[in-house]
Structures are given as structure tokens and as C-alpha cells.
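# Structure assessment
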2 protein chains.
Amino acid sequence: MTDALDPDMFAQCANVTPLIQIGDKWTSKIIRCLENGPRRFSELRVPLRGITPKVLTETLRAMERDGLLTRTAYAEIPPRVEYELTSLGRTLLEPMAAMCSWAREHMETLLDARDRHLA
Amino acid sequence: MTDALDPDMFAQCANVTPLIQIGDKWTSKIIRCLENGPRRFSELRVPLRGITPKVLTETLRAMERDGLLTRTAYAEIPPRVEYELTSLGRTLLEPMAAMCSWAREHMETLLDARDRHLA
DNA sequence: CAGAATCCCACGAGATACTG
DNA sequence: CAGTATCTCGTGGGATTCTG
């Protein structure tokens, strides 16, 4: 059902994230990663380009605490843990879509203005 | 035309801002402050509860650089400076409304989950 | 009034190494 | 594989003081 995450799925978002953000630096990206179903810890690390395990753990714990996602650990070897958006977490997809839409429409204008100001 | 800003206009947003944010800590609040027309430096300081002049200046300069607002200085004594949203800046009002709407609907649920997790 | 100049600090987040 | 445990550091943002 869920295909592998695109390693470059955030390549275009480099400038967007600092301007419009949900939660901390990584929260909104994690939400997008979980949009199509549960994902494993290692799976998330791929598109989140070089996030350290420590920071990923911290972020996931905070999101779990806020009821945005659930953490499910399977007693297997090797261990497997899956993260999945809750219904509350999924409600964030809507405002996020609005922000992405804004970014697609206006981000270039903003970056142009910024560049012009450097000259 | 524009009434004075409500000093407590952000009283309810204390928990919302850290979760959903545009730009840095103050940007989204400044946008709201300018929603109904131009405002002066001192006028902005009121609802922005204890923002220091340095930080306010930095934030306004960054927003000006990004083309979100314009700065107009009048050669008077005492000096008067007005800040006003550009059309680009006004386009942010729409995604902001979506986020505020989300907050109104779901923030309590989130804070409940957070509280429950502390127990 | 609208800032500029300094000084300062917490904390988000990265690097690195280790483990059940 | 899915984390912990430390250590470290940049910088966003605050406090304070001064000025055209």
C-alpha cells in the first residue's frame, strides 16, 4: 500500500520550512512522511536528510505526547517500531496544504525581493 | 479608520504560536497587527508584550527585505515611522486564517493530550 | 519617538559513540 | 534496528543603556 518514501521529497522545501512552520524544525516534514500510512524509524531518516537519531527521537516523542501520532513497538528481532498519524495528526494535513499552496504561489516572489535587497 | 490595537489581542495565542508559526517568533503576530492598515513602531510594541526594540526592528527589517511590508519614515519631530503590509504580505493572511481555524478547533484536544501525558 | 549599540544566555539541534 | 548517552555550539532573542 505505501510505497517507499522519496529520498528527495523535501528538496524543494529548503526555503519554505523556515518561513512557514508547524511545531519545530522537523514536525511538519514528519507529518508529510506519515501521510500515506505508518512508517518505521529508519524509513523516516531517509527523506529527513541527515537528521540525527537523537533529534528524530525527540521530535517523535513530542508529537506522540501531543497526540499527533502513535508509536507501536513490535517485540521482534531485529526490533521494529512504527509511527502513525492519529486522527488529530491528520487534521493538520489541511492547514499544511494551505501553507504549501501559498508557498507554491508566492515563494518565488519573496525570494526575488530578498535577493534584490542584497544588491 | 484603524482603531488602536488591542493590547491583549494575543492573549489566547500563547500556546498556538509555538506549534504553528510563520517566519520567526513575531512575524505572524506583526502581520495580524497590520491587517487593518499601517501602524507605527510604538503602536506595535503594545500588543507584542514586551518585545524589545532591537528584536522588533530586526523582525520588521527582515519582513521588509522579504517584501512583506513597507517602511515609511516621515521627516517630522518627533519622528514617525509607519509599517504597512504589501500585497504579498496580505496573501499570508489566508493561510494564517487556516491555521487559526485549526487552532480554534483542535488546540484544546492537543493540550489535553499533552497534559494527560504528564500524569 | 524610533531606533542603535552592547552584552548575554538558553536552548534547539548537530556530532559522535555506544547498546539491548 | 531503534534507539541512548554525552558533548558541543550557533544563534534567536532578551536585558540594558544610549541617541538623533
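Residue indices begin from 1 for each chain and proceed along its sequence in written order. Just so you know, chain letters begin at A and ligand numbers begin at 1, following the order they were written in. Only residues with pLDDT of at least 70 get local features here, since the model is predicted, and only at 80 or more are side-chain atom pairs given and counted; chain-wide, interface and lining totals rely on the full set of residues. In computing side-chain properties, one takes all heavy atoms of the structure into account and sets aside hydrogens as well as water.

The name recorded for chain A in an unreviewed UniProt entry is DNA-binding HxlR family transcriptional regulator, from Nonomuraea roseoviolacea subsp. carminata.

The next point concerns the packing of helix α6 (residues 93-118) of chain A against helix α6 (residues 93-118) of chain B. Helix axes use the C-alpha atoms of the stretch in contact, all axes being lines fitted to C-alpha atoms, and the angles between their N-to-C directions lie in the range 0 to 180 degrees. The helix and strand labels rest on DSSP assignments: H or I over at least four residues marks a helix, E over at least two residues marks a strand, and numbering proceeds from the N terminus. Relative orientation of the contacting elements α6(A) and α6(B) amounts to 170°, with a least axis distance of 9 Å. In this view, α6(A) runs roughly antiparallel relative to α6(B), as classed from their interaxial angle. In contact with A:Pro95, A:Ala98, A:Met99 and A:Trp102 of α6(A), α6(B) contributes B:Pro95, B:Ala98, B:Met99 and B:Trp102. Only Asp, Glu, Lys and Arg are considered charged in this grouping, and only Ala, Val, Leu, Ile, Met, Phe, Trp, Tyr, Cys and Pro are considered nonpolar; every other residue, Gly among them, is considered polar. The residue makeup of the contact of α6(A) with α6(B), split by class, is 8 nonpolar, no polar and no charged. These descriptions rest on fixed angle ranges, namely under 35 degrees for roughly parallel, over 145 for roughly antiparallel, 65 to 115 for roughly perpendicular, and the rest for oblique. Contacts between residues were defined by any pair of non-hydrogen atoms, one from each residue, lying within 4.5 Å.

Alignment of the copies relies on least squares applied to C-alpha atoms, considering only residues that score at least 70 for pLDDT in both. Between chain A and chain B, which share one sequence, the superposing operator has a rotation angle of 180° and an axial displacement of 0.0 Å; the RMSD is 0.0 Å. The superposition of one copy onto the other is thereby described by a two-fold rotation axis. Residues of chain A ranked by C-alpha distance from the rotation axis are headed by A:Gln21, positioned 2.5 Å from it. Taken as a fraction of all interface residues of chain A, those also at the interface in chain B reach 100%, which identifies the copy contact as same-surface.

What follows is about helix α4 (residues 53-65) of chain A. The α-helix winds at 3.6 residues per turn, so residues separated by three or four positions along the chain end up facing the same way. All names here are of chain A. The span one expects for a helix is its residue count, reduced by one, times 1.5 Å. Between the first and last C-alpha of α4 there are 18 Å, a value that for 13 residues agrees with the 18 Å anticipated at 1.5 Å per step. Relative accessibility decides the category of a residue: with a 1.4 Å probe and only protein chains considered, values under 20% of the type maximum give buried, values over 50% give exposed, and everything between is partly exposed. Of all the residues in α4, the buried ones are Leu56, Thr59, Leu60 and Met63. For α4, the angular spread of the buried residues around the axis is 95°, confining them to a single face. Lining the buried residues of α4 we find α2 (27-33), α3 (41-45), β3 (69-74) and β4 (80-85). Glycine 67 sits one or two positions beyond α4 and adopts a positive phi of about 75°. This arc is taken over the directions from the axis of the helix to the C-beta atoms.

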